[in-house]
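# Remarks on the overall topology
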Amino acid sequence: MINRLIWMGCLCYVITGVSTVIVGAVLPELLAHYSQSYGSGGMLIFVQFVGLLSGVLSMPAISRKLGRKSAVLLGLGLVGMELFAGLLPPWPAVVLLAGLAGFGTGLVESCIGTIILLAVKQKQAAAMSKLEVTFGVGALVMPSIASFLIAKGLWTYSFFLLGTGALATAIVWRRMSFGEMDGMLARKEAESGGGQAQRPAYARSGIPFLALCAVFFFLYGGSEVSVVHFFPSIFMERWGIDSSLATLTVTVYWTAMVIGRILTGILGDRWTYFRFLWAATLLSLAALLVLPFSHYAWGGYVLSFLLGLGMSGLFAVALIYANQSLPGMTERTTSILLAANGLGGSLLPLGVGRVMDAFPIQTAMWLYSAVMLVMLVVLTISKRRPQPESAPLHAGRSME
């Protein structure tokens, strides 16, 4: 039954992966249909990720009120409302639907993650790794499908596929039994605010380090979301390629993300958390610095792959790095960093969209490089504080 729960969670994560990238996959067609600017596209992405952040933060309260299984069901239902976006309603309705789908995505993603951690008593890292990979698969497959549909003039069907997939998953989730875990899924949260208040406070010396980690996650979240949503448009303007081919940049990026997440544990046999993060951030920065100088689209695809490879392990490993450096505060640290990640995913695309409207397209490329450079600087500064972790990466995976 535990395997059934894990694979059902993986199916839910495929849906969240698709939901996260779908706007970016069809953004050029969407903006062209509604005669909107890139700034409006940035606002659409902002609303989507404000919804996602709200879903993540609301998950504990909704779980207490409805129970975990019903909370996931609610989230899948909200994602399923993307069906209506395929009907091309007025622009304000599209923005509203993006916000609702974002809320549902955040609710499903955080609730499924909590369920798996509660249900799986051994090899939690292996279970969570499966979720991460399947999220990447969903984010990888959607742009490829969207590219095919754009080429056929059927790009609105992307929303129909997501909506029907989410609703079908909700039906399966509602009817499936997980044996003795059904009680845990149906039961409302027993935890209270009073229990959380008893948790120890951060040591004063740990607060600056936590702030640096929050900045890192803020910039990472903004970078990943901006790449996924704006790279197709950047490629179209920089190299004049067709929108269906430009959308494949996201496919290349997520292919590298999936491969990188699989290989992360192998690299961890030799590297510490900090060394892994520093090398991965440096690789990402190098790819972004070279991108404006590429004269051909194929070079852009290669650099997109290297960027995805570099960024693939940053989120999970940085989360472990932070929690290992701030022992005894795992739940609170994770919550703060996830919120910072979501906030970055909400705000930075606004800036990217405005830059693309006001300046040459190369300016947006240099903005990506500047953000990654700041991440590298923040990471380097964080090393100045003595860190308790010194074990190889694979040894810490079990502490996710």
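First, a word on what this report is: a plain description of the structure on this page. These numbers come from a predicted model, not from an experiment.

### A closer look at the overall build of the chain
When helices and strands are counted, the chain shows 17 helices and zero strands. Out of the 400 residues belonging to the chain, those deemed buried represent 55%. Long-range contacts, defined here as pairs at least 24 residues apart, represent 86% of the contacts in the chain between residues at least 6 apart. Split by element, the accessible area of the chain, about 16300 Å² in all, is 68% carbon and sulfur.

### Some details on the environment of Glu132
As for its position among the elements, Glu132 is in helix H5 (residues 124-151). According to the relative accessible area criterion, Glu132 is partly exposed, its value standing at 21%. Taking the C-alpha atoms as reference points, Glu132 and Gly17, separated by 115 residues in sequence, lie 9.3 Å from one another.

### A few points about the nonpolar core
Formed by 118 residues in total, the largest nonpolar core has its most connected members in Leu5, Ile112, Trp173, Phe231, Ile234 and Trp254. Considering every element that reaches this core, the biggest residue donor is helix H1 (residues 2-34), with 17 residues. Not counting chain neighbours up to four residues away, the residues in contact with Trp254 comprise Val21, Phe135, Gly136, Ala139, Leu140, Glu224, Val228 and Arg261.

### Observations regarding the side chain of Ser284
In this structure, Ser284 sits in helix H12 (residues 273-290). The exposure class assigned to Ser284 is buried, which follows from its relative accessible area of 0%. A distance of 2.9 Å separates a polar side-chain atom of Ser284 from the backbone oxygen of Ala280. Dropping the residues within four chain positions of it, Ser284 is found in contact with Leu307, Gly310, Met311 and Met372.

### Description of the side chain of Thr281
One can find Thr281 in helix H12. Overall, Thr281 belongs to the buried group, its relative accessible area being 0%. For Thr281, the residues in contact, after removing those within four places along its chain, are Phe216, Leu314, Met372, Met375, Leu376 and Leu379.

### What to know about empty space enclosed by the protein
For the structure on display, the rule yields two cavities of 30 Å³ or more. What the largest cavity holds in volume is close to 70 Å³. Around the largest cavity, the lining residues are Leu212, Cys213, Phe216, Phe217, Leu277, Ala318, Tyr321, Val378, Leu379 and Ser382. For the lining of the largest cavity, the secondary structure elements donating two or more residues are helix H9 (207-239), helix H14 (314-325) and helix H16 (361-382). Considering each element in turn, the lining of the largest cavity owes the most residues, four residues, to H9. For the lining of the largest cavity, a count of residues per class yields nine nonpolar, one polar and no charged. A volume near 40 Å³ is recorded for the second largest cavity. In terms of lining residues, the second largest cavity is bounded by Val23, Leu30, Glu82, Ala85, Val94, Ala98 and Phe159. When contributions to the lining of the second largest cavity are tallied by element, the ones reaching two or more residues are H1 and helix H4 (91-119). Residue composition of the lining of the second largest cavity, grouped by class: six nonpolar, no polar and one charged.

Quick notes on the rules
- Residues numbered from 1 in each chain as written.
- Predicted model: local features only at pLDDT ≥ 70, side-chain atom pairs only at ≥ 80, totals over all residues.
- Heavy atoms only, no water.
- Helix = DSSP H or I, 4+ residues; strand = E, 2+ residues; numbered from the N terminus.
- Buried < 20%, exposed > 50% of the residue type's maximum accessible area, 1.4 Å probe, protein only.
- Contact = heavy atoms within 4.5 Å.
- Areas by Shrake-Rupley, 256 points an atom, 1.4 Å probe, with all protein chains shown as cover.
- Core = buried A, V, L, I, M, F, W, Y, C linked by side-chain atoms within 4.5 Å.
- Polar contact = N/O pair within 3.5 Å; in protein donor to acceptor, adjacent residues only side chain to side chain.
- 1 Å grid on protein atoms, 1.4 Å probe; cavity = no way out; pocket = protein on both sides within 12 Å on 5 of 7 lines; lining within 4 Å.
- Points joined across faces, edges and corners; volume = space filled by probe spheres on them.
- Nonpolar A, V, L, I, M, F, W, Y, C, P; charged D, E, K, R; others polar.

The values are spatial; any link to function lies outside them.
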